[in-house]
Amino acid sequence: MTDPRPAHKRILLKLSGEALMGDDAFGINRATIVRMVEQVAEVTHLGVQVAVVIGGGNIFRGVAGGSVGMDRATADYMGMLATVMNALALADTMDKAGLTARVMSAIAIEQVVEPYVRPKALQYLEEGKVVIFAAGTGNPFFTTDTAAALRGAEMGAEVVLKATKVDGVYTADPKKDPAATRYTQLSFDEAMAKNLGIMDATAFALCRDQNLPVKVFSIFKPGALRRVVMGEDEGTLVHV
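Residues numbered from 1 in each chain as written. Predicted model: local features only at pLDDT ≥ 70, side-chain atom pairs only at ≥ 80, totals over all residues. Heavy atoms only, no water.

### Observations concerning unusual backbone geometry
Then comes step 1: A positive phi angle, close to 75°, is found at Phe-141, a residue other than glycine.
Then comes step 2: The class of Phe-141 is exposed, set by a relative accessible area of 52%. (Buried < 20%, exposed > 50% of the residue type's maximum accessible area, 1.4 Å probe, protein only.)

### Let's talk about the environment of Asp-200
Then comes step 1: As for its position among the elements, Asp-200 is in the loop between α6 (188–193) and α7 (201–209).
Then comes step 2: The class of Asp-200 is partly exposed, set by a relative accessible area of 23%.
Then comes step 3: Considering only alpha carbons, one finds Asp-200 and Leu-90, 110 residues apart in sequence, at a separation of 24 Å.
Then comes step 4: Sequence-distant contacts of Asp-200, that is, excluding residues within four places in its chain, are made with Thr-143, Asp-145 and Thr-146.
Then comes step 5: A distance of 2.4 Å separates the side chain of Asp-200 from the side chain of Thr-143, its partner in a polar contact.
Then comes step 6: Within the local environment of Asp-200, its side chain forms a polar contact with the backbone nitrogen of Ala-203, the two atoms lying 3.2 Å apart. (Helix = DSSP H or I, 4+ residues; strand = E, 2+ residues; numbered from the N terminus. Contact = heavy atoms within 4.5 Å. Polar contact = N/O pair within 3.5 Å; in protein donor to acceptor, adjacent residues only side chain to side chain.)

### Section: the side chain of Thr-83
Then comes step 1: Relative to the helices and strands, Thr-83 is located in helix α3 (residues 72–96).
Then comes step 2: At 2.6 Å, the side chain of Thr-83 forms a polar contact with the backbone nitrogen of Ala-135.
Then comes step 3: If we ignore the near neighbours within four places in the chain, the residues touching Thr-83 are Ile-54, Gly-55, Gly-56, Ala-134, Ala-135, Gly-136 and Thr-144.

### Considerations on the layout of surface pockets
Then comes step 1: Taken as a whole, the largest pocket spans an internal volume of roughly 510 Å³.
Then comes step 2: Gly-56, Arg-61, Gly-79, Thr-143 and Thr-144 are the residues nearest the centre of the largest pocket, which is lined by 27 residues in total.
Then comes step 3: Among the elements of the structure, α2 (57–60), α3, α5 (144–155) and β6 (159–164) are those that each provide at least two residues to the lining of the largest pocket.
Then comes step 4: Looking at which element gives the most residues to the lining of the largest pocket, the answer is α3, with 6 residues. (1 Å grid on protein atoms, 1.4 Å probe; cavity = no way out; pocket = protein on both sides within 12 Å on 5 of 7 lines; lining within 4 Å. Points joined across faces, edges and corners; volume = space filled by probe spheres on them.)

### Here we look at the packing of aromatic side chains
Then comes step 1: Across all of its chains, the model carries 2 aromatic pairs by this definition.
Then comes step 2: Ring centres 5.5 Å apart and planes at 85° place the aromatic pair Tyr-116 and Phe-133 in the edge-to-face group. Linking Tyr-116 in the loop between β4 (114–115) and α4 (118–126) with Phe-133 in strand β5 (residues 130–134), this pair joins segments that are 17 residues apart in sequence. Like Tyr-116, the residue Phe-133 is buried in the burial classification.
Then comes step 3: Ring plane angle 75° and centroid distance 5.0 Å describe the contact between Phe-188 and Phe-204, whose orientation is recorded as edge-to-face. Here Phe-188 is found in helix α6, whereas its partner Phe-204 is found in helix α7, with 16 residues between them in sequence. Phe-204 carries the same exposure label as Phe-188, and that label is buried.
Then comes step 4: Over the ring of Tyr-124 we find Arg-102; its NZ or CZ atom is 5.6 Å from the centre of that ring. (Phe/Tyr/Trp six-rings, centres within 6.5 Å; stacked < 30°, edge-to-face > 60°. Lys NZ or Arg CZ within 6 Å of the ring centre and 35° of its normal.)

Okay, here's the thing in structure tokens:
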């Protein structure tokens, strides 16, 4: 008999900006964001506390041509602002789905969103609210993967769930190699030695040092998020 209780009480969900595009070239696909929120709602109803870090690629990639030759720090700040736009869209969709969401930004834009304050974020999670962390770490040269590792550690999340378009980490590109097989689990050292490119090196090292496991799964697979939090064989687990 399977245990009906979730395997994780508090999770950090990392969503890429590109995941919000669906099949569009850029921007936010309404049907896609609604489906994602339905998956989040499903796990919050199980009593799981959910924090989210969102990327900005769906917006910033659309103007990336204009950033060619631009100062790297300036371009990174533009990317951070794109994540704030995504976070607002995500929170609005969550509110319409009956969830209570709070957006906290690492960059002060207080007329629009709350600033990130760790005790307040922890309080919101304890109250059952979904906390969406925007603007990455607030610093240039750090990715939103690193922001996910950082916020996951700060929030005491039990696992970082990296939502992708692929249902785990494979021995090779499954689109190119039909013999490719999915890893059910890997150690951080194995993943780094094999250069699997799961997260950037800074994020990966932070998760490893904080003993914070990472689960890679497909957010586009119906019910996948629920199966992950229930501890079922879904995606690939990377751990110490």
